[in-house]
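# Report on the structure
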Amino acid sequence: MRLRGRGGIALGVGIAVMAVLPLVVKNAFAVDICIRILLFAFIGTAWNLLGGYAKQLSLGHAAFFGLGAYTSTLLQIDFGISPWIGMAAGGVVGMLASLPIGWLCFRLRGPYFAIATIATAQVLMLIFLKFRDFAWGAEGTTIPNLGNAPLMMQFDGKAPYYYIVLCLLALALAITAWVERSRIGYYLVAIGEDEDAAEAIGIDVPRVKRNIYMISSFLTALAGTFYTQYIYFIDPQTAFNFSVSIEAALVSIVGGIGTLWGPLIGTILLETTSALLQSWLGNSIGGVQLTVYSLILMAVILWKPTGIMGYVSELTRRRRGKAAGS
Amino acid sequence: MAQAVVNGLLIGGVYALVSIGVTLIFGVVKIVNFAQGEFVMIGMYISFFLFTQFGMDPVVSLLVSMPVLFVIGVLVQHFLIRRVLGLNDLPQIFLTFALSLLILNLALMLFTANYRTVHTSYSDEVLHLGGLIVPVAKLIAFVVAMLLSGGLWVFLHTTDLGKAMRAASQNRDVAQLMGINPNRVFAVALGIALALAGAAGSLLMPFYPAYPLVGQVFVLMAFVAVVLGTLGNVIGALIASLLMGIAESLGIQFIGADSGLIVVFLLLLTTLAVRPSGLAGGRRR
Amino acid sequence: MADALVVRNLNKRFGGLRAVQDVEFTVRENETLALIGPNGAGKTTAFNLIMGFHRPDSGSVSAFGREMVGLRPHDVCAHGLARTFQVAKPFGGMTVLDNVMTGAFLRERGPKAAREKAREAIDFVGLSSRESTAARDLTTIDQRRLEMARALATQPRLLLLDEVMAGLNPAEVDQAVALVGKLSSRGLTIVIVEHLMRAIMAVAKHIVVLDHGQKIAEGSPKEIVENPEVIRAYLGSGYAQSAGAAT
């Protein structure tokens, strides 16, 4: 998506706002919401590379989130290694894990691919729940609070965390923007449209899928490390939670699958809705958030499967069409 | 070990009802119903409330839960599924997925996460057959499940509508050319599949608790059985379900109490790894 | 003239159906071969086997001296073979230009070079005015043109055209025939599956006839038209006898 004129200005304003936000907004709760928005926009953007462009609808990205989280935590608690390094290591672990998982799951199409990805994330959760010898089992562990320790990715106040996740999001968006314009971007969309036709014009479909899966899983794993450092806690239920997988896909679909800004827009919509719900109803009634999410998802699927960005594109096309007098 | 096999077989009958529903929908409508487990859950809650309000035995409440779920199935087909037919994967996957999330979380909101149980006169009774302990409630569930499966088989093979469904399952274009109304056939398929799910729910109540997440366990079993038994194949789903019940039971017996789930998952992943060519979802010609 | 494509002893069964049985033919470089036969004769299956979408049970497919059996379709394409599909498979959500660029990326690394090559191919098939149209919004004949442009963008040496003229009106058929002629004059080797006799006659000097998976005749157009086996396959034995009596 090229942004010219009004779009470019909006983008500039948006970036400026995001850059100074924590310096201006002092309400910790609000900053926390923004951090969550940026985090899930990051995870959604990572998912979108595989699920949005190439239409490989994974519902198991929590697997990489969890692997990233556990890698950095294990390195930190068992070996005292800084989570900065742990984050990179977690990314690599996630990336490597995507190879066997991809080998297994890519042999399937459509819903069966989705089911297989769900199963792999669940298996990982079950493994980490069961084996307490190497990773604390079901209780998980807390990260020892070192106060303000930037080298160990711990900070007083929320602003540093905000900037870290902002950088992660910027990284994912930059990668997506680059992919969109390059050969691999065209190949991804081709695969998403018609794998056989893609093969017939020389696209090594399995290889392209493998490569994008590696990028997607690497980024998702980074998110796992960040989140663990942010909440100072890890356990299998949190790290491999199905809702991470769901939200990654959901924000992309609602915001506009296969578009650069879709996941961010989708996250802003869904997370603010969720925050509003939380402030009105509190946490007392379980299931409200997901009920609302599922209704939004159904509405999008039934009426505008291309999501918010898809709708915006439609409007611009129509307006351009009218202007050109076609 | 024979005891474990019997236990597994009995619960396998209930799994069969759920998985036959999934495979029927997949075969006829070509959609994977991610929400099948939630309909089992609805069946369970219907029976629960009929029992607590009116003292109706859960097995008897089949007469209520099945028709109610049949109607729900027809409505789901008419208002939801019909809109996404012929579209690509994304709407088809995420629609039933969203439906599953919706029903599950509505149940969470309305009924809370508490376990609801039903205690009938026979909930604790067992029969002793040849040294084996056979719980009466599970035996009833198994027998009724088999009867319903048999009834379905008869329906599919002797009635016009049933044959139309099989035709649509095998070759939709030809079936349409022969004058079979796809929407009607799909509605009946959805209705039957959900009715079977509801039946499974009712049959489970005497010995299984109802809670919002209960569907997730059963739908997982169903998917594995459907995949093992070949997509769209009703008898395959039946046999695979029985085998899976036995496998799960043996797993619990010999590996450990909480190993059931992991055995199932590994079975799923192994099947997908080893036999993807048997599945419509997997190809490499 | 070297051999562009050598097919030997090609066999493929699907369950009980022998789709392709002992099929053999050779296509010289820059030749245009027509593959004809009644519906269900195995023509598209033969294409699928040549391109690697199915693996033959036995036999060999050699293109420009390299064995193709066992290669994945994208490797076959990289070796210089391209195909169109009987039912066009455009990348619906992409524009015409993007569709063809995706093909061009096989040989061109950067987007700019790919775009240039794509525009050449689009121009060749006459779709330039539709460059920014979404592929799914094209008419059927334009989708066929798109298929061809996309295949051409991969810079093939051999092009497999699967019923590109089906459903076209006579004027459109003439355009298609002219296009095929242009391709041939560019040096391309072409194997074309077609039903339209006059189109075949116009483009091909060498014809192979399949029926029920087997090759029943091969030769020049004149030889094929007079061949009793061919007549029998298309029209039934009654006509074949009378044709045999006439010769």
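Criteria and cut-off values
Residues numbered from 1 in each chain as written. Chains lettered and ligands numbered in written order. Predicted model: local features only at pLDDT ≥ 70, side-chain atom pairs only at ≥ 80, totals over all residues. Helix = DSSP H or I, 4+ residues; strand = E, 2+ residues; numbered from the N terminus. Rg over C-alpha atoms; globule rule 2.2 N^0.38 Å. Buried ≥ 20, exposed ≤ 12 C-beta atoms within 10 Å, placed from the backbone. Contact = placed C-beta atoms within 7 Å. Nonpolar A, V, L, I, M, F, W, Y, C, P; charged D, E, K, R; others polar. Core = buried A, V, L, I, M, F, W, Y, C linked by C-beta atoms within 7 Å. Domains from an automatic or database assignment. Pairing = 2+ DSSP bridges. Axes fitted to C-alpha atoms, helices over the stretch in contact; angles between N-to-C directions. Parallel < 35°, antiparallel > 145°, perpendicular 65-115°, else oblique. Left-handed = near helix turned anticlockwise from the far one by under 90°. pLDDT = per-residue confidence, 0-100. Expected span 1.5 Å × (residues − 1).

## What to know about the overall build of chain C
On a plain count of helices and strands, chain C comes out with ten helices and ten strands. Over its C-alpha atoms chain C spans a radius of gyration of 18 Å, differing by no more than 12% from the 18 Å that the globule rule assigns to 247 residues. With the C-alpha coordinates aligned to their principal axes, the bounding extent of chain C is approximately 60 × 40 × 40 Å. Scored against the burial criterion, the 247 residues of chain C give a buried share of 46%.

## Quick look at the overall build of chain A
For chain A, the count of helices and strands is 15 helices and two strands. Relative to the compact-globule value of 20 Å for 326 residues, chain A shows a C-alpha radius of gyration of 20 Å, a close match. With the principal axes as the frame, chain A shows a C-alpha extent of 65 × 50 × 40 Å. In chain A, which comprises 326 residues, the share counted as buried stands at 52%. Residue pairs in contact within chain A that sit at least 24 positions apart in sequence constitute 76% of those at least 6 positions apart.

## A closer look at the interface of chain B and chain A
Counting residues at the interface gives 33 residues for chain B and 32 residues for chain A. If you list the elements that add at least two residues to the side of chain B that touches chain A, you get α3 (62–84), α4 (89–111) and α11 (260–274) of chain B. The element that contributes the greatest number of residues to the side of chain B that touches chain A is α4(B), accounting for 14 residues. Looking at the side of chain B that touches chain A residue by residue, the classes come out as 26 nonpolar, three polar and four charged.

## Things to note about the nonpolar core
A:F42, A:V165, B:L17, B:V18, B:A189 and B:V224 are the most contacted members of the largest nonpolar core, which totals 279 residues. If you tally residues by element for this core, the top one is helix α8 (residues 182–204) of chain B, at 16 residues. Both of domain 1 (3–80 + 158–246) and domain 2 (92–155) of chain C provide at least three residues apiece to this core.

## Here's the deal with the sheet that holds strand β4 (residues 58–63) of chain C
Strand order in this open sheet of four strands is β2-β1-β4-β5 (chain C), and the pairing throughout is antiparallel. The open sheet has two edge strands with one neighbour each: β2 (17–28) and β5 (66–67) of chain C.

## What about unusual backbone geometry?
Residues and elements named next belong to chain B. The phi angle at T112 is positive, at roughly 60°, despite the residue not being glycine. Structurally, T112 can be placed in the loop between α4 and β1 (126–129). The exposure class of T112 is partly exposed, given the 14 C-beta atoms found within 10 Å.

## So, the domain arrangement of chain C
Quoted interface sizes are often the accessible area lost when the parts come together. Residues and elements named next belong to chain C. Splitting chain C by domain gives domain 1 (3–80 + 158–246) and domain 2 (92–155). Each of domain 1 and domain 2 has a C-alpha centre, and these two points are 26 Å apart. Counting residues per element, the ones that place at least two in the side of domain 1 that touches domain 2 are α2 (73–78) and α6 (170–185). Taken together, the residues that form the side of domain 1 that touches domain 2 break down as six nonpolar, one polar and one charged.

## Regarding the packing of helix α9 (residues 214–228) of chain B against helix α10 (residues 234–254) of chain B
All names here are of chain B. At a minimum axis distance of 8 Å, the contact between α9 and α10 shows a crossing angle of 125°. In terms of orientation, α9 lies oblique with respect to α10. For the pair α9 and α10, the crossing hand works out as right-handed. For the pair formed by α9 and α10, the contact residues are M221, V224, A225, V226 and L228 on the first element and A237, A240, S241 and M244 on the second. Grouping the constituent residues of the contact of α9 with α10 by class yields eight nonpolar, one polar and no charged.

## Examining the packing of helix α8 (residues 183–193) of chain A against helix α10 (residues 205–231) of chain A
Residues and elements named next belong to chain A. The geometry of α8 relative to α10 is characterised by a closest axis approach of 10 Å and an angle of 110° between their N-to-C directions. Of the possible angle classes, the one that applies to α8 and α10 is roughly perpendicular. Two packed elements cross with a definite hand, and for α8 against α10 that hand is left-handed. Here I184, Y187, L188 and I191 of α8 come into contact with α10, specifically with V205, V208, K209 and I212. Per-class residue counts for the contact of α8 with α10 are seven nonpolar, no polar and one charged.

## Brief notes about helix α3 (residues 96–104) of chain C
Within an α-helix, residues lying three or four positions from one another point in the same direction, as the helix has 3.6 residues per turn. Counting buried positions along α3(C) gives nine out of nine residues, so the element sits mostly inside the fold. For α3(C), the full list of buried residues reads C:V96, C:L97, C:D98, C:N99, C:V100, C:M101, C:T102, C:G103 and C:A104.

## Re the interface of chain C and chain A
Each partner contributes residues to the interface: chain C has 24 residues there, and chain A has 17 residues. Mapped by element, the contributors of at least two residues to the side of chain C that touches chain A are α2, α3 and α5 (140–153) of chain C. Here the residues of the side of chain C that touches chain A are counted per class, giving 13 nonpolar, six polar and five charged.

## Some words on the sheet that holds strand β7 (residues 158–162) of chain C
Whenever strands of a sheet pair, they do so through backbone hydrogen bonds, lying parallel or antiparallel. All names here are of chain C. Overall, mixed pairing links the six strands, which are arranged β6-β7-β8-β3-β9-β10 in an open sheet. Across the chains shown, the open sheet's two edge strands, defined by having one partner strand only, are β6 (81–83) and β10 (214–219). Each strand of the sheet is rotated relative to its neighbour by a mean of 20°, with strand direction disregarded. Alignment of strand β3 (residues 32–36) against strand β8 (residues 189–193), held across four bridges, turns out to be parallel. Residue pairing in the sheet places L33 in a bridge with V191 of β8. Against the sheet, helix α1 (residues 43–51) contacts β3, β6, β7, β8 and β9 (206–211), and its axis sits at roughly 150° relative to β7. Sitting on the sheet, α6 is in contact with β3, β7 and β8, with an inclination near 155° to β8.

## A look at the environment of B:T52
With respect to the element layout, B:T52 can be found in helix α2 (residues 36–54). By the C-beta count within 10 Å, which is 11 here, B:T52 ends up exposed.

## A few points about the pairing of β4(C)
All names here are of chain C. Pairing of strand β1 (residues 3–14) with β4, which is carried by five bridges, proceeds in the antiparallel orientation. Opposite V6, over in β4, you have S62 as the bridge partner. Pairing of β4 with β5 involves two bridges; the strand directions are antiparallel. Bridge assignment links A63 to a residue of β5, and that residue is R66.

## Quick word on the confidence of the model for chain A
Summarising the model, chain A shows a mean pLDDT of 89, and 96% of its residues fall at 70 or more. Within chain A, the lowest mean pLDDT, 77, falls on helix α6 (residues 132–135) of chain A, and the highest, 96, falls on α10(A).

## Some remarks on the confidence of the model for chain C
All names here are of chain C. Averaged over every residue, the pLDDT of chain C is 89; the share at 70 or more is 95%. For chain C, the element scoring lowest by mean pLDDT is helix α10 (residues 237–246), at 54; α3 scores highest, at 96. Overall fold confidence (pTM) sits at 0.89, and the ipTM for the predicted complex is 0.89.

## Digging into α8(B)
Along its 23 residues, α8(B) runs 33 Å from first to last C-alpha, staying within 8% of the 33 Å computed at 1.5 Å per residue. Taken across its 23 residues, α8(B) has 20 buried, putting it largely inside the fold.

## Remarks on the environment of C:K89
Here C:K89 is to be found in the loop between β6 and α3. Overall, C:K89 belongs to the buried group, with 20 C-beta atoms counted inside 10 Å. Along the backbone, C:K89 and C:V177 are 88 residues apart, and their C-alpha atoms lie at a distance of 21 Å. Apart from residues lying up to four places away in sequence, C:K89 is in contact with A:D194, A:D196 and A:A197.

## Re the pairing of β2(C)
Successive residues of a regular strand alternate their side chains across the two faces of the sheet. All names here are of chain C. In this structure, β1 lies alongside β2, joined through eight bridges in antiparallel fashion. Residue pairing across strands places F14 opposite L17, the latter belonging to β2. Connecting β1 to the antiparallel partner β2 that follows it, the hairpin turn spans two residues, and G15 within it adopts a positive phi of roughly 60°.

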